[in-house]
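Here's the letter readout for the chains.
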Amino acid sequence: INRGSAEQKRSALLVIRNLESAEASRVAIPALRDSDVMVRATAAFSVVFLPADEAAQILLPLLQDRAELVRRETAYALGRVGNPAAVIPLLQIFQRDRTLEVRGAAIVALGEI
C-alpha cells in the first residue's frame, strides 16, 4: 500500500477489499491519501468493512477531493457503509457538486442509507 506502482497498490487494495474484514480495511487507510487518483478511489471501497462510524469518519473528507473520480467512489462507498452521519454531507454534494456523475452517486448512496 505504501510502495510500488499505482497498479500494484490498486491490486493490493482489491485483495484487501475481498477479505471483507475490518482488520484488512485498516491496512487500506493510508491509501486514502495517496497521490494517485485511482489509488485513492480504489481505497475508498477498501475501507467499507470498518465499523460504520469509523468508516464514515475517514471517508467523509474525501467528498471534498479535487478529483471527481474520488468524490464519486467515496459517495458510493458511503452508501455501502450505511452510516446516517453521511446523509447531510451527501445531500450537500448532490446540491453543490458540478459533476453530474458525482451528484448521481450521492443520490444512490442516500438511497442505500
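A.B. asks: I keep staring at the overall build of the protein and nothing clicks. Help me out?
C.D. replies: Helix and strand content of the protein: 7 helices and 0 strands. What you see for the protein is a C-alpha radius of gyration of 13 Å, in line with the 13 Å of a compact globule of 113 residues. For the protein, the spread of C-alpha atoms along the three principal axes comes to 35 × 25 × 15 Å. Sequence separation of at least 24 residues holds for 60% of the intrachain contacts in the protein that already meet a minimum separation of 6. Accessible surface computed for the protein: about 6000 Å², of which carbon and sulfur atoms make up 52%. With 14 positive and 13 negative side-chain charges, the protein shows a spacing of 4 Å between the two charge centroids.

A.B. asks: Would you take a moment to explain the nonpolar core for this structure?
C.D. replies: Most often, soluble globular proteins have nonpolar side chains that are buried together. Among the nonpolar cores identified, the biggest contains 33 residues, and L13, V47, L59, L78 and L90 are the most heavily contacted of them. Of all the elements in the fold, those that place two or more residues in this core are α1 (6-19), α2 (22-28), α3 (37-46), α4 (52-59), α5 (68-81), α6 (87-96) and α7 (100-112). Beyond its immediate stretch of four places on either side in the chain, L78 contacts A56, L59, L60, L63, N83, A86, L90 and I113.

A.B. asks: Hey, could you run me through α3 in this one?
C.D. replies: Working note: α-helix, 3.6 residues per turn, so residues spaced by three or four point in the same direction. Across the 10 residues that make up α3, a large majority, 8, are buried. Against α1, α2, α4 and α5 lie the buried residues of α3. Sitting at the head of α3, D36 places a side-chain oxygen 2.9 Å from the backbone nitrogen of M38.

A.B. asks: Can you help me understand the environment of R103 in this one?
C.D. replies: Its place among the elements puts R103 in helix α7. For the pair R103 and A75, spaced 28 residues apart in the sequence, the C-alpha separation amounts to 8.8 Å. Setting aside chain neighbours within four positions, we find R103 in contact with I93, F94, D97 and R98.

A.B. asks: Any chance you could explain the environment of A43 here in plain terms?
C.D. replies: The residue A43 is located in helix α3 in this model. By relative accessible area, which is 0% here, A43 ends up buried. Sequence separation between A43 and A12 is 31 residues, and the spatial gap between their C-alpha atoms is 9.7 Å.

A.B. asks: Explain the pattern of salt bridges here, please?
C.D. replies: Between side chains of opposite charge, a pair can form when the charged atoms approach closely. One pass over the structure, following the stated rule, counts 6 salt bridges. The closest approach of N and O atoms between D65 and R40, which form a salt bridge, is 3.0 Å. One end of the pair, D65, is in the loop between α4 and α5; the other, R40, is in helix α3, and 25 residues separate them in sequence. D65 gets classed as buried once you look at its relative accessible area, which sits at 12%. When its relative accessible area of 4% is taken as the criterion, R40 is described as buried. In this structure, D97 and R71 form a salt bridge, with 2.7 Å as the shortest nitrogen-oxygen distance. Remark: R71 occurs in helix α5 and D97 occurs in the loop between α6 and α7; sequence separation between them is 26 residues.

Rules used in this analysis
Residues numbered from 1 in each chain as written. Predicted model: local features only at pLDDT ≥ 70, side-chain atom pairs only at ≥ 80, totals over all residues. Heavy atoms only, no water. Helix = DSSP H or I, 4+ residues; strand = E, 2+ residues; numbered from the N terminus. Rg over C-alpha atoms; globule rule 2.2 N^0.38 Å. Contact = heavy atoms within 4.5 Å. Areas by Shrake-Rupley, 256 points an atom, 1.4 Å probe, with all protein chains shown as cover. Lys, Arg positive; Asp, Glu negative; His and termini not counted. Charge placed at Lys NZ, Arg CZ, Asp CG, Glu CD. Core = buried A, V, L, I, M, F, W, Y, C linked by side-chain atoms within 4.5 Å. Buried < 20%, exposed > 50% of the residue type's maximum accessible area, 1.4 Å probe, protein only. Polar contact = N/O pair within 3.5 Å; in protein donor to acceptor, adjacent residues only side chain to side chain. Salt bridge = Lys/Arg side-chain N within 4 Å of Asp/Glu carboxyl O.

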